[in-house]
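Residue-level listing of the chains:
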Amino acid sequence: MSNSYENFQTKFIDEALDNIADLEQALMALELSPNAKELVERVFRSLHSLKGGGAMFGFDRLSEFTHRMENIYEMIRSGQLCVSSELLAVTLQSVDLLRDLLEEPGEVGHQLKQRCKSMEKAIDAVVREETEKMLLTVARHSGNEKEEQDTPNGVATYFIHFYPQADILENGTNLLYLLDDLKELGQMVPMPGVQSVPVLQNLNPVSSYVFWDIFLATDKGINEIKDVFIFVENEAVLEIHKISNSDLFGSEQFISKMSELSERQKKVDLSEIVSIASNYEESITEVNSQLHEANADEKSSSSVSQKHDKDNSCTAGNNGNGKRRTSSSIRVSTDKIDNLMNLVSEMVISQERLNMIASQHHIPELKIVSETVQKLTSQLRDSTFSISLIPIETLLTRFQRLVHDVSNDVGKKIDLKAEGLDTELDKTMIESLTDPLLHILRNSIDHGIETPDKRRKEGKHEIGTIHLKAFYSGANVIIEISDDGAGIDPEKVKAKAIEKGIIPEDMELSRQDMLNMVFRSGFSTNEKITELSGRGVGMDVVMRNIQAVRGKVNIDSHKGKGTTVSITLPLVLSIIDGLLVKIDQTEYVIPLSLTDRIFPVKASEIEKSFNNIISLGGNQMSFFDLRKELKAGGKAPEKMQMIVINYNEVKIALAVDFVIGKIQAVLKPLGKLYHSQKLISAATIMGDGSIALVLDTNAIVEECTAVRF
Amino acid sequence: MAKTVLIVDDSESIREVVNFTLQNEGYDVLVGVDGEDALQYLDGRTIDIIITDLHMPNLDGLGLIRKVREMDGYKHIPILFLTTESQAAKKMEAKQAGATGWIIKPFVPAKLLSAISRVLR
C-alpha cells in the first residue's frame, strides 16, 4: 500500500475506538436485556466493522480475533446460540484486548499474542458449554412446544378515547400528567383532537377544549389503564377498547397509519385499525408457524420459537428508549474548535472595544451597529461553546463497566443508577473528570457498599445502590455520587488525621471539617491497602484534579447510611459575563453569575461595623472589604459599593470602591509566576487594551474565613 | 465525462480510502453512510456504479440492492459488494438480490479499480 494510505490508519484507530466503546455499551445493555435482537445486531456490526477495517489497515491480529467473535454473535443472531452472562463476560474481557491490539499494528508482540490465544481459548470453552446447554434445553423442551405457543407474550394494543369536559382543569388536574402516566404503561401514540378549540377571543384559558385518541400497546391489563383515569372519570368521556392481542407497534402498516392520522388530523376510523390489527396478527401466526415447521426439521424447535416470543416482548418494551437516535454529525479535530474559540475570544475583546468607542461618541447609528454586533457575538460565543460540549452520558459506559467488573471482584452486589445524563460539559472537562469520578466510584464500591451478608444483617437491601446524578445549578454543573453504604465515621477520620500528624491532637473540628480531612494529602482510612482504591491515589488527588478545572468537591456522609460526594464544576471555561469594579486604581472582574445585588454604602459604615457584619436591605450580612483583602493602596472613597455574591447558598457582601458596569470577559490564564496566589483566577483584556483581574470570589471567601492550622 | 460512483459503507475510514482511491483515478464520488442514506442520491441523477458494504445499520447492503432494483431509473445499474464476507451462501444471496459482483475486503486499490473498470466497460 502506498504511503498516502497510511494516513487513513490514524483515522481508523479513532473510529475503531468509537466502535469499541459502542460495542462495550451494547454489551452492557445486552446484559440487562439478553433477548434484545437489536443489541445483538449492534454488537455484531461493531465487531464486523472492526474486522473489516482491521484487515484493511494492517491490524491483522485484531481482524482475526474479531472475526472469531463475529462468528459467535452471528450464531446468536441466527438463534443457534443464546446470550448468557458467561458469554458476555468473556466478550467484555476481550474488549480490553481489542483496545490493546489497536496499539500495535502489524506483527503483535509475544505477550499480546499469548493473551489473544488464551482469550480465544476461554471464548471457545464458553461457546462449547453454551451449545451443549442449548442442546439439553431442546431435548427437555421438545415435549411442550404447543403449550408455549398458546401463551402469548401478553402485550395487547388498546384504543383509548378520552374527552375531558371543559371544566376539568378547574380541579387542578394536569391532563399532560395523565398522558405521562399512560406512557409508563407501554408504548403509545396520543393523537390530540383540537377541532373544538375556539378562536382566540372566545377562548377561556381555564377551560379544556382538547380530546385525545390514544393507541397504547402494553402488557398491563385494562384495569391498570382505567386506574390512570380514576380521578377524572366523572369529568370526562372515557372509552377503552382492546383492538388487538398483539403489539401493533411491530406492524409497519400500523405505524404508517398512525403517522398519517396524526399528520392529517383525521378522525380515527377504528374499523380500519382493527383490520390492520387482524392482518398483523395473522402475519405473526404465520411467521410463528413457519418457524415451527422449519424447526421441526432441525430439532432445535422450542428454544428458538421461545426466543422469538421473548424477542417480541423485549423489543416492545425497548422501543421507546432502546432505539438509538441517529443524527448526522461530522468529526472535526479539536484543533479546529480551539482555533475557532480563540477567534471568538478575540472577537469578543474587539467587540468590547467597539462598545466603548460607541459609548464615547454619541452617534446613534454607531450605537445601533455596536449593539447588534454585541448580540451576535454573544450568540456566536454561546454556539461555539456548545460545539465542544458533550453529554455526561459518554462516561456512563465506563462507569457501568467499572461497577460490573469491580463488584464481581469483591463479591458485592451493586446497582448503578444514573440520572441527568444529558447534562453537557466541556469536552476537556469531561476528560479531566473521568479519573476522579472513577476513583470516587471505586471508593464507593470498595469502602462504601458493604458485602451482601453485612447488608442483610443491617436490614438493608442486599443490593447496594450507587446513584450518579448530574444537574445544572446556576452557572455550575453539579455531579453527585451517592451510595447507601457504610458511610464515614467522622471521629475515626479525625483520629486517623491526628495519628498521621496532619492535625494537632487538641484541635477542635466541626463534623464537616473532620470529613474534609479525607481530602488532605497523605490520608487513607482503610487499614489494608486494597488493589482497588488504595493504589496510592487518594481523595487529595481527586480534589486537586477537580480544582485544576476550577471545580469543587464536597463530601457528606452519615454513618450507616451512606456517603455523598458532590463535584461542582463551572459551566464555561474561557469567556464569562462579568461585573467590572474598581478598587483604588485597579479594575477587577467579578463573575456576574455569582452576583446577587449591589448596595451603596458609606465608607464610615464599613469602618464602624463590628465583626464584619453589615445591614444591607434589612438583612444582616457578613462582608469582606476587598480593599483590605487585596491590600489596595490609597484612601477609600466616601461612597463605596457592596456587591452581594452567592457563596454556596450563603450570601456574602464584598466591598469595592466603584462598580463600572457589565463586560464580557475573555479569561486568559495568569502566568506561572502567579500560581501561588489564589484570589485571582484569571486576567482579561479590556476594550482599551488595559488588563483587569478576575476575582475568584469563592477563594476569597474561603481565604478570609479559613481555619488556619 | 467522468463516471460517477456511489460508495455506501458505515465505516468512515473505509469510505475515505475508497473515496481517495477513486477520486485519484478521476471518478466523481458520492458517499452514503448506510443503505437508507444512499437512497437519497438515487433521485434521477446519473450514477454509473454503486459499491456497497453488506452489513450496515438502518438498511443493509442486500436491502439496498433490492430497493435499487425496483427503481425505474436504476434497474440495471451495476452494483458491487465490498465486504469481508466471503461465504458462498452470502454470495449466492447477494447474486439473487441482483448484485453484479463481489470485492473482498481488505482490498488492494489496483484490484478495486480494475473491478470497477471491468464492470463499467
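Residues numbered from 1 in each chain as written. Chains lettered and ligands numbered in written order. Predicted model: local features only at pLDDT ≥ 70, side-chain atom pairs only at ≥ 80, totals over all residues. Heavy atoms only, no water.

Per an unreviewed UniProt entry, the recorded name for chain B is Two-component system response regulator, and the organism is Marinilabilia rubra.

Per an unreviewed UniProt entry, the recorded name for chain A is Chemotaxis protein CheA, and the organism is Marinilabilia rubra. One UniProt comment on chain A, placed under Catalytic activity (unreviewed entry), says "ATP + protein L-histidine = ADP + protein N-phospho-L-histidine." (UniProt positions renumbered as here; feature names shortened; annotations may be inferred.)

Asks: Which residues make up the sheet that holds strand S14 (residues 595–602) of chain A, and what values go with them?
Replies: Paired through backbone hydrogen bonds, the strands of a sheet run either parallel or antiparallel to each other. All names here are of chain A. Strand order in the open sheet formed by five strands is S14-S17-S18-S16-S15, and the pairing between neighbours is mixed. The strands lining the two open edges of the sheet, one partner per strand, are S14 and strand S15 (613–616). On average, adjacent strands in this sheet sit at an angle of 40 degrees to one another, irrespective of strand direction. The sheet contacts of helix H22 (residues 697–705) involve strand S16 (619–625), strand S17 (639–647) and strand S18 (650–656), and relative to S17 the element is tilted by about 95 degrees. (Pairing = 2+ DSSP bridges. Helix = DSSP H or I, 4+ residues; strand = E, 2+ residues; numbered from the N terminus. Axes fitted to C-alpha atoms, helices over the stretch in contact; angles between N-to-C directions. Contact = heavy atoms within 4.5 Å.)

Asks: Describe the packing of helix H12 (residues 334–360) of chain A against helix H13 (residues 364–387) of chain A, listing the residues and the values that go with them.
Replies: All names here are of chain A. For the pair H12 and H13, interaxial distance at closest approach is 9 Å and the crossing angle is 160 degrees. Between H12 and H13, the crossing angle belongs to the class labelled roughly antiparallel. Considering only the axes of H12 and H13, their crossing is left-handed. In contact with Ile337, Leu340, Met341, Val344, Met347, Gln351, Leu354, Asn355, Ile357 and Ala358 of H12, H13 contributes Leu366, Lys367, Ser370, Val373, Gln374, Thr377, Leu380, Arg381, Thr384, Phe385 and Ile387. (Parallel < 35°, antiparallel > 145°, perpendicular 65-115°, else oblique. Left-handed = near helix turned anticlockwise from the far one by under 90°.)

Asks: Got a sec to walk through the interface of chain B and chain A? Specific residues and values, please.
Replies: Contacts between the two partners involve 19 residues from chain B, matched on the other side by 18 residues from chain A. In this assembly, chain B packs against chain A so that about 1,800 Å² is buried in total across both faces, 63% of it on carbon and sulfur atoms. Across the chain B-chain A interface, the total number found is zero salt bridges. Across the chain B-chain A interface, the total number found is three residue pairs in polar contact (both at pLDDT 80 or more). At seven residues, helix H1 (residues 12–24) of chain B tops the list of elements feeding residues into the side of chain B that touches chain A. Split by residue class, the side of chain B that touches chain A holds eight nonpolar, six polar and five charged. (Buried area = accessible area lost by both parts, 1.4 Å probe. Salt bridge = Lys/Arg side-chain N within 4 Å of Asp/Glu carboxyl O. Polar contact = N/O pair within 3.5 Å; in protein donor to acceptor, adjacent residues only side chain to side chain. Nonpolar A, V, L, I, M, F, W, Y, C, P; charged D, E, K, R; others polar.)

Asks: Could you give me a rundown of the sheet that holds strand S1 (residues 156–164) of chain A, with the residues and numbers involved?
Replies: Residue and element names in this part refer to chain A. Taken in spatial order, the four strands make up an open sheet running S2-S3-S1-S4, and their pairing is antiparallel. The two strands at the open ends of the sheet, each matched to only one other strand, are strand S2 (186–193) and strand S4 (236–244). In this sheet, neighbouring strand axes are inclined to one another by 15 degrees on average, regardless of whether the strands run parallel or antiparallel. Sheet analysis places S2 next to strand S3 (residues 211–218), joined by eight bridges and oriented antiparallel. Counterpart to Met188 in the pairing with S3 is Leu216.

Asks: Quick one: what's the story with the packing of helix H3 (residues 60–77) of chain A against helix H4 (residues 85–102) of chain A, residue by residue and with numbers?
Replies: All names here are of chain A. It is at 10 Å that the axes of H3 and H4 come closest, and there the two elements cross at 155 degrees. Classified by the angle between their axes, H3 and H4 sit roughly antiparallel to one another. Considering only the axes of H3 and H4, their crossing is left-handed. Of H4, the residues touching H3 (which contributes Arg61, Leu62, Phe65, Thr66, Met69, Ile72, Tyr73 and Ile76) are Leu87, Leu88, Thr91, Ser94, Leu97, Leu98, Leu101 and Leu102. Residues of the contact of H3 with H4, tallied by class, amount to twelve nonpolar, three polar and one charged.

Asks: If you had to explain the nonpolar core to someone new, which residues and values would you point to?
Replies: Residues Tyr73(A), Leu87(A), Leu22(B) and Ile116(B) are the most contacted members of the largest nonpolar core, which totals 62 residues. With residues up to four places along the chain from it excluded, the contact list for Tyr73(A) reads Leu27(A), Leu30(A), Val40(A), Val43(A), Phe44(A), Leu47(A), Leu87(A), Leu88(A) and Thr91(A). (Core = buried A, V, L, I, M, F, W, Y, C linked by side-chain atoms within 4.5 Å. Buried < 20%, exposed > 50% of the residue type's maximum accessible area, 1.4 Å probe, protein only.)

Asks: Please set out the pattern of salt bridges residue by residue, giving values where relevant.
Replies: Residue and element names in this part refer to chain A. Tallying each qualifying case throughout the model produces 28 salt bridges over all chains. When the shortest N-O distance is used, the salt bridge between Arg99 and Asp96 registers 3.8 Å. Separated by three residues within a single helix, Arg99 and Asp96 lie in helix H4, roughly one turn from each other. Here Arg99 falls in the partly exposed class, since its relative accessible area comes to 26%. With relative accessibility at 31%, the residue Asp96 sits in the partly exposed group. When the shortest N-O distance is used, the salt bridge between Asp484 and Arg455 registers 3.0 Å. Of the two residues, Asp484 is situated in the loop between strand S9 (476–483) and helix H17 (490–499) and Arg455 in helix H16 (residues 452–457); the sequence distance between them amounts to 29 residues. Residue Asp484 is classed as partly exposed on the basis of its relative accessible area of 24%.

Asks: Explain a nonpolar patch on the surface residue by residue, including any values.
Replies: A grouping of Val194(A), Val197(A), Leu200(A) and Leu203(A) is seen on the molecular surface, where their side chains present a nonpolar patch of about 320 Å² in accessible area. For Val197(A), a relative accessible area of 33% puts it in the partly exposed group. (Patch = residues over 30% accessible without salt bridge, like charges linked within 9 Å, V, L, I, M, F, W, Y side chains within 5 Å. Areas by Shrake-Rupley, 256 points an atom, 1.4 Å probe, with all protein chains shown as cover.)

Asks: Quick one: what's the story with H3(A), residue by residue and with numbers?
Replies: Residue and element names in this part refer to chain A. Given a rise of 1.5 Å per residue, 18 residues ought to cover 26 Å, and the 25 Å separating the end C-alpha atoms of H3 matches this to within 8%. Along H3, the positions that sit buried rather than exposed are Arg61, Leu62, Ser63, Phe65, Thr66, Met69, Glu70, Ile72, Tyr73 and Ile76. Positive phi appears at Gly79, one or two residues downstream of H3, with a value of about 85 degrees. (Expected span 1.5 Å × (residues − 1).)

Asks: Got a sec to walk through helix H7 (residues 175–185) of chain A? Specific residues and values, please.
Replies: Every α-helix carries 3.6 residues per turn, so stepping three or four residues along brings you back to the same face. Residue and element names in this part refer to chain A. Looking only at H7, the buried set comprises Leu175, Leu178, Leu179, Leu182 and Leu185. The arc that holds the buried residues of H7, viewed along the axis, is 100 degrees, so those residues lie on one side. In this structure, H7 carries Leu176, Tyr177, Lys183 and Glu184 as exposed residues pointing more than 90 degrees from its buried face. Those residues of H7 that are buried lie in contact with S1, S2, S3 and helix H8 (222–228). (Arc of directions from axis to C-beta.)

Asks: So, unusual backbone geometry: which residues are in play, and what are the values?
Replies: All names here are of chain A. The phi dihedral of Asn611 falls on the positive side, at around 60 degrees, and the residue is not glycine. Within the fold, Asn611 resides in the loop between helix H20 (603–608) and S15. A positive phi angle, close to 55 degrees, is found at Lys631, a residue other than glycine. For Lys631, the position within the fold is in the loop between helix H21 (626–629) and S17.

Asks: How would you summarise a positive patch on the surface if you had to cite specific residues and measurements?
Replies: Taken together, the side chains of Lys454(A), Lys457(A), Lys492(A) and Lys559(A) present a region of like positive charge at the surface. Along the chain, Lys492(A) turns up in helix H17. (Lys, Arg positive; Asp, Glu negative; His and termini not counted. Charge placed at Lys NZ, Arg CZ, Asp CG, Glu CD.)

Asks: Which residues make up empty space enclosed by the protein, and what values go with them?
Replies: Over the atoms rolls a probe the size of a water molecule, and in doing so it shows where empty space is left. Counted under the stated rule, the structure contains two cavities of 30 Å³ or more. Taken as a whole, the second largest cavity holds about 40 Å³ of empty space. What lines the second largest cavity is simply His48(A), Ser49(A), Gly52(A), Gly53(A), Asp9(B), Asp10(B), Ser11(B), Ile14(B), Asp53(B) and Lys105(B). (1 Å grid on protein atoms, 1.4 Å probe; cavity = no way out; pocket = protein on both sides within 12 Å on 5 of 7 lines; lining within 4 Å. Points joined across faces, edges and corners; volume = space filled by probe spheres on them.)

Asks: Give me the lowdown on the UniProt feature "modified residue: 4-aspartylphosphate" (unreviewed entry) in chain B, citing residues and values where you can.
Replies: In this structure's numbering, the residues bearing the UniProt feature "modified residue: 4-aspartylphosphate" (unreviewed entry) are Asp53(B). Once residues within four sequence positions are removed from consideration, Asp53(B) is found in contact with His48(A), Val8(B), Asp9(B), Asp10(B), Gly61(B), Phe81(B), Leu82(B), Thr83(B) and Lys105(B).

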